[in-house]
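Take a look at the letters that make up each chain.
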Amino acid sequence: MKGFKDFIMRGNLVELAVAFVIGGAFATVVTAFTAMFMDIIGKIGGKQDFSTFKPGGVSVGAFITALLAFLIVAAVVYFGVVKPYAAAQARFFPKEPEAETIDPNTELLKEIRDELRVGRGSA
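Residues numbered from 1 in each chain as written. Predicted model: local features only at pLDDT ≥ 70, side-chain atom pairs only at ≥ 80, totals over all residues. Heavy atoms only, no water.

A. Expanded view of the overall build of the protein. Across its full length, the protein holds 4 helices and 0 strands. Mapped in sequence order, the helices and strands of the protein form the string α-α-α-α. Per-residue burial for the protein yields a buried fraction of 17% across its 123 residues. Of the roughly 9,900 Å² of accessible surface on the protein, 68% is carried by carbon and sulfur atoms. (Helix = DSSP H or I, 4+ residues; strand = E, 2+ residues; numbered from the N terminus. Buried < 20%, exposed > 50% of the residue type's maximum accessible area, 1.4 Å probe, protein only. Areas by Shrake-Rupley, 256 points an atom, 1.4 Å probe, with all protein chains shown as cover.)

B. Inspection of the confidence of the model for the protein at higher detail. Residues at a pLDDT of 70 or more form 83% of the protein, whose mean pLDDT is 76. Per-element confidence in the protein ranges from a low mean pLDDT of 73 for helix H1 (residues 2–9) to a high of 84 for helix H4 (residues 104–122). (pLDDT = per-residue confidence, 0-100.)

C. Structural context of the pattern of salt bridges. Across all of its chains, the model carries 1 salt bridge by this definition. Ionic pairing is found between Asp-114 and Arg-113, a salt bridge with its closest N-O pair at 3.3 Å. (Salt bridge = Lys/Arg side-chain N within 4 Å of Asp/Glu carboxyl O.)

D. Examining the nonpolar core more closely. Grouped together as the largest cluster of nonpolar side chains are 9 residues: Ala-25, Val-29, Ala-32, Met-36, Val-58, Val-60, Phe-63, Ala-66 and Phe-70. Secondary-structure elements contributing two or more residues to this core are helix H2 (11–45) and helix H3 (60–92). Non-local contacts of Phe-63, meaning those with residues more than four positions away in its chain, are made with Val-29, Ala-32, Phe-33 and Met-36. (Core = buried A, V, L, I, M, F, W, Y, C linked by side-chain atoms within 4.5 Å. Contact = heavy atoms within 4.5 Å.)

E. Main features of a negative patch on the surface. Taken together, Asp-103, Glu-107, Glu-111 and Glu-115 make up a surface patch of like negative charges. For Asp-103, the position within the fold is in the loop between H3 and H4. For Asp-103, a relative accessible area of 38% translates into the label partly exposed. (Patch = residues over 30% accessible without salt bridge, like charges linked within 9 Å, V, L, I, M, F, W, Y side chains within 5 Å. Lys, Arg positive; Asp, Glu negative; His and termini not counted. Charge placed at Lys NZ, Arg CZ, Asp CG, Glu CD.)

Spelled out as structure tokens, the structure:
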């Protein structure tokens, strides 16, 4: 079971799944943007194709719908997968605190202070 847990908690697997879902949602946004861009080009060329919402002849409705769908999917993935995954990773694989780095100048000053204290006591 430990091997399976390590496999599941490995960052690459979850990151890949999130990337796949976000990529799929983003494909819809790109498709709608492409349709909108093609409508603009078509309008310049004289061939127009309108969607349900079409201010000025540009099918903005499909793009806005796809963008909202992308944002909804991204929010669900973030709050439903990424946040719980990060919490589980922090709980089961806590990062070890970094060792304190000692400044050599501070150590030198401490040695000088200690020598001065010893020198005063013996005089």
